[in-house]
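Structural overview for review
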Amino acid sequence: MKKGLLMLGFLLLFTTAFFSHSFASVQKPDSAATEEELVFTEVGSAQDSAANNIVKDTVKKAAAVDKTVEKQQPLAASGTSEKEKTLWETFIAGLLGGFIAFLMPCIFPMVPLTVSYFTKRAGSRQKGIGQAFIYGISIIVIYVAFGLLITGVFGSAKLNELSASGWFNFFFFLLLVVFAVSFFGAFEITLPSSFVNKVDQKADDSKGLGGIFFMAASLALVSFSCTGPIIGTLLVQASSKGEFLAPAIGMFGFALALALPFTLSAIFPGFLSAMPKSGGWLNSVKVCLGFLELALALKFLSAADLVWHWEWFDREIFLALWIIIFILMGVYILGKIKFSHDSDVPYVSVPRLFFAILSLSFAIYLVPGLWGAPVNILSGIAPPMNTQDFILNGNGASVSASPSGFPATVKYSETLKPPVGFNSFFDLDEGLAYAKRVNKPVLIDFTGHACVNCRKMEDKVWIDKEVGRLIKEEYVLIQLYVDERNIKMPKEKVHYSEVLRTTTDDLGRWNGDFQATKYVSNSQPFYVLAGHDLNPLVKPQGAIFDAKEYAAYLQSGLDKFKNAGKPNE
């Protein structure tokens, strides 16, 4: 029993980090389509002019990119190393999800039964080990194929577009709530019994490799009530990366973690005997995961609120719900809340006590956020600070006075709001005209309502004193939202985008087309330090979570602007 509780404790530790931090960090790049799927036309070419119907707007004025700058610095900031990092993070997230799934009541008790079956069927331990290897590989093949099917059906570009959609985020909010209720024991999510029985019968009738493969398929189907919510959550997060292989990589990590215990138990019999015995603690693991699913669901509701501009699911409401969820989870671990499938907890063991303390302490840590504290661990997950109704003190991002000559109201300010403490334009032409008037370079921030890393940058990096000073005093901030669908563009700016394969009829599509056409990138956040000709002063960058490094980046662009003398008109 003690081993089981220790296992539960480690699960709680991993899942807390997994959902509250790792899921935020795996969003890099937060919204990126692969370069192969983007159809780029040469800027300034005849095809580009034809596709855009010779629209006389800022894109036309800035169409000719400075070739010297282009040779010195590649404009595509989403490099191979960043993509590799994203895939590695997705793999680790899948690995953690697989280990959690292994501890579910649908899978954990099956390990000794499966291993003993291999040993008896093979007739010898050596053959049993070989069959266990094949069984593990079959599990991996099944889940990776499922991940490839997801991207094969939708494509990474479509998944990327969906991840910024209000309907997508609201649907997954409802889906995760259903998953949580299922984990609480209200019902079980199962596949049609006739289908499961056919696969199970196929496993019994088949011999050799085919029989082992169908055994693995049977495990995947029978355990769906436990693994389905975990797989669904993982695929949602992986799909939002915009990387074609992300869902498959996530499923590979998940399947690897799931298959390893079965294989290791066949190779090392001592591993099987060292495992904790099945018991009521398995359901405790399941219920704790239900609490975490419920907390994560609120992140998707927040994204839908931001995209649709409901303006009711504010930051303090989000934090209040998270505080309640983690208090209830701590109380549950202490055995003071009991669900229908739970066993009695006659006493509180030391592991239960410590991990109840962990859950309750996390809830208390969130309390200052109700009055405007940064709560950095939830940066990118919680709604942005500008949705907070009450901020007790500045916390480094208090509302600052507008600089001299800054308009009292800017275009689209009735819908879009800048980060707390900053003044921002949301229209490229308006911001550029102001920058020319005050003779300052521009910081073009390609961002999005559902962009996790965009919020992390604003919450954790922009509040740094030096970073905030440089942005406020030395640059003109222009925030271009690529997922804003409510603001419609005037007729003179609507044109067909070969990159997006649609018309730029709303502000988000116009901004997205401008980013991809001018700067050959489709990821957010994406920061361009530019002169008045909109050509980059230094290489554009994505998220930089080190404040000193980001300040140095801002300073390098400022130095380049000042050394260039009079800006190009």
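Residues numbered from 1 in each chain as written. Predicted model: local features only at pLDDT ≥ 70, side-chain atom pairs only at ≥ 80, totals over all residues. Heavy atoms only, no water.

On average, residues of the protein chain score 76 in pLDDT, and 69% of them are at 70 or above. Contacts from residues 394-399, a stretch scored under 50 in pLDDT, to residues over four places away or in other chains number 13 contacts. (pLDDT = per-residue confidence, 0-100. Contact = heavy atoms within 4.5 Å.)

A word on the pairing of strand 1 (residues 442-447). With six of six residues buried, strand 1 lies mostly within the body of the structure. Side chains of strand 1 alternate between two faces, with Val-442, Ile-444 and Phe-446 and Leu-443, Asp-445 and Thr-447 buried alike. Summarising the sheet, strand 1 and strand 2 (residues 476-481) pair through six bridges and their orientation is parallel. Of the residues in strand 2, the one forming a bridge with Phe-446 is Leu-480. (Buried < 20%, exposed > 50% of the residue type's maximum accessible area, 1.4 Å probe, protein only. Helix = DSSP H or I, 4+ residues; strand = E, 2+ residues; numbered from the N terminus. Pairing = 2+ DSSP bridges.)

Here we take up the packing of aromatic side chains. Counted according to the given criterion, the structure contains 37 aromatic pairs. One aromatic cluster is present, formed by Trp-167, Phe-170, Phe-173, Trp-308, Trp-310, Trp-312, Phe-313, Phe-318, Trp-322, Phe-326, Phe-362 and Tyr-365 through successive ring pairs. Between Lys-456 and the ring centre of Phe-545, over which it is positioned, the NZ or CZ distance is 4.5 Å. Positioned above the aromatic ring of Phe-422 is the side chain of Lys-472, whose terminal nitrogen or guanidinium carbon lies 5.1 Å from the ring centre. (Phe/Tyr/Trp six-rings, centres within 6.5 Å; stacked < 30°, edge-to-face > 60°. Lys NZ or Arg CZ within 6 Å of the ring centre and 35° of its normal.)

Between its first and last C-alpha atoms helix 17 (residues 350-366) spans 25 Å; for 17 residues at 1.5 Å apiece the expected length is 24 Å, and the two agree. Buried within helix 17 we find Pro-351, Arg-352, Phe-355, Ala-356, Ser-359, Phe-362, Ala-363 and Leu-366. Projection of helix 17 onto a plane perpendicular to its axis shows the buried side chains occupying an angular sector of 130°, all on one side. Facing away from the buried surface of helix 17 by more than 90 degrees, the exposed residues are Val-350, Phe-354 and Ile-364. (Expected span 1.5 Å × (residues − 1). Arc of directions from axis to C-beta.)

Right, let's talk about the nonpolar core for a bit. The biggest cluster of nonpolar side chains holds 73 residues, and the ones touching the most others in it are Ile-139, Tyr-143, Phe-254, Phe-318, Trp-322, Phe-326 and Leu-378. By residue number, the principal contributor to this core is helix 15 (residues 281-308), which donates 14 residues. In contact with Ile-139, not counting residues within four places along its chain, are Ala-216, Leu-219, Ala-255, Leu-258 and Ala-259. Residues Leu-416, Phe-446, Tyr-481 and Ile-487 belong to the second largest nonpolar core, which totals 28 residues. (Core = buried A, V, L, I, M, F, W, Y, C linked by side-chain atoms within 4.5 Å.)

Turning our eyes to something else, we now look at the packing of helix 9 (residues 166-183) against helix 15. For the pair helix 9 and helix 15, the least separation of the axes is 8 Å and the interaxial angle reads 165°. On the basis of their axis angle, the class for helix 9 and helix 15 is roughly antiparallel. Viewed along their axes, helix 9 and helix 15 form a crossing whose handedness is left-handed. Taken together, the residues of the contact of helix 9 with helix 15 break down into 21 nonpolar, four polar and two charged. (Axes fitted to C-alpha atoms, helices over the stretch in contact; angles between N-to-C directions. Parallel < 35°, antiparallel > 145°, perpendicular 65-115°, else oblique. Left-handed = near helix turned anticlockwise from the far one by under 90°. Nonpolar A, V, L, I, M, F, W, Y, C, P; charged D, E, K, R; others polar.)

What follows concerns the sheet that holds strand 2. Either a parallel or an antiparallel arrangement is found when strands of a sheet pair, and the pairing is made through backbone hydrogen bonds. Pairing is mixed across the open sheet formed by three strands, whose spatial order is 2-1-5. For this open sheet the edge positions go to strand 2 and strand 5 (526-530), each flanked by a neighbour on one side alone. Averaged over all pairs of adjacent strands, the angle between their axes in this sheet comes to 20°, without regard to strand direction.

Another aspect to go through is the state of the cysteines. In this structure the tally under the stated criterion is one disulfide. Here Cys-451 pairs with Cys-454 through a disulfide, and the sulfurs are 2.1 Å apart. Between Cys-451 and Cys-454, the S-S dihedral sits near 80°, and the bridge is therefore right-handed. There is no split in this pair, since Cys-451 and Cys-454 are both buried. (Disulfide = S-S within 2.5 Å.)

Turning our attention to the pattern of salt bridges. One pass over the structure, following the stated rule, counts nine salt bridges. Note that Asp-506 is salt-bridged to Arg-485, the shortest N-O span being 3.3 Å. Taken as a pair, Asp-506 in the loop between strand 4 (502-503) and helix 21 (507-519) and Arg-485 in the loop between strand 2 and strand 3 (496-497) lie far apart in primary sequence, 21 residues in all. Given a relative accessible area of 0%, Asp-506 falls into the buried group. (Salt bridge = Lys/Arg side-chain N within 4 Å of Asp/Glu carboxyl O.)

A separate point is the environment of Thr-503. With respect to the element layout, Thr-503 can be found in strand 4. For Thr-503 and Asp-513, which are ten residues apart along the polypeptide, the C-alpha to C-alpha distance reads 9.4 Å. Those residues in contact with Thr-503 that lie beyond four places of it in its chain are Val-494, His-495, Tyr-496 and Arg-509.

Moving on, we get to the environment of Leu-321. Mapping Leu-321 onto the fold places it in helix 16 (residues 315-333). Each C-alpha atom, one on Leu-321 and one on Ala-363, is 9.9 Å from the other, the two residues being 42 residues apart in sequence. When residues no more than four places from it in sequence are discounted, the contact partners of Leu-321 are Leu-298 and Phe-313.

On to the side chain of Asp-506, then. A distance of 3.3 Å separates polar atoms of two side chains, one belonging to Asp-506 and the other to Arg-485. At 3.1 Å, the side chain of Asp-506 forms a polar contact with the backbone nitrogen of Gly-508. (Polar contact = N/O pair within 3.5 Å; in protein donor to acceptor, adjacent residues only side chain to side chain.)

Attention now goes to a nonpolar patch on the surface. Nonpolar side chains collect at one region of the surface, where Val-348, Val-350, Leu-353, Phe-354 and Ile-357 lie side by side and expose about 450 Å² of accessible area between them. Take Phe-354: it is sitting in helix 17. (Patch = residues over 30% accessible without salt bridge, like charges linked within 9 Å, V, L, I, M, F, W, Y side chains within 5 Å. Areas by Shrake-Rupley, 256 points an atom, 1.4 Å probe, with all protein chains shown as cover.)

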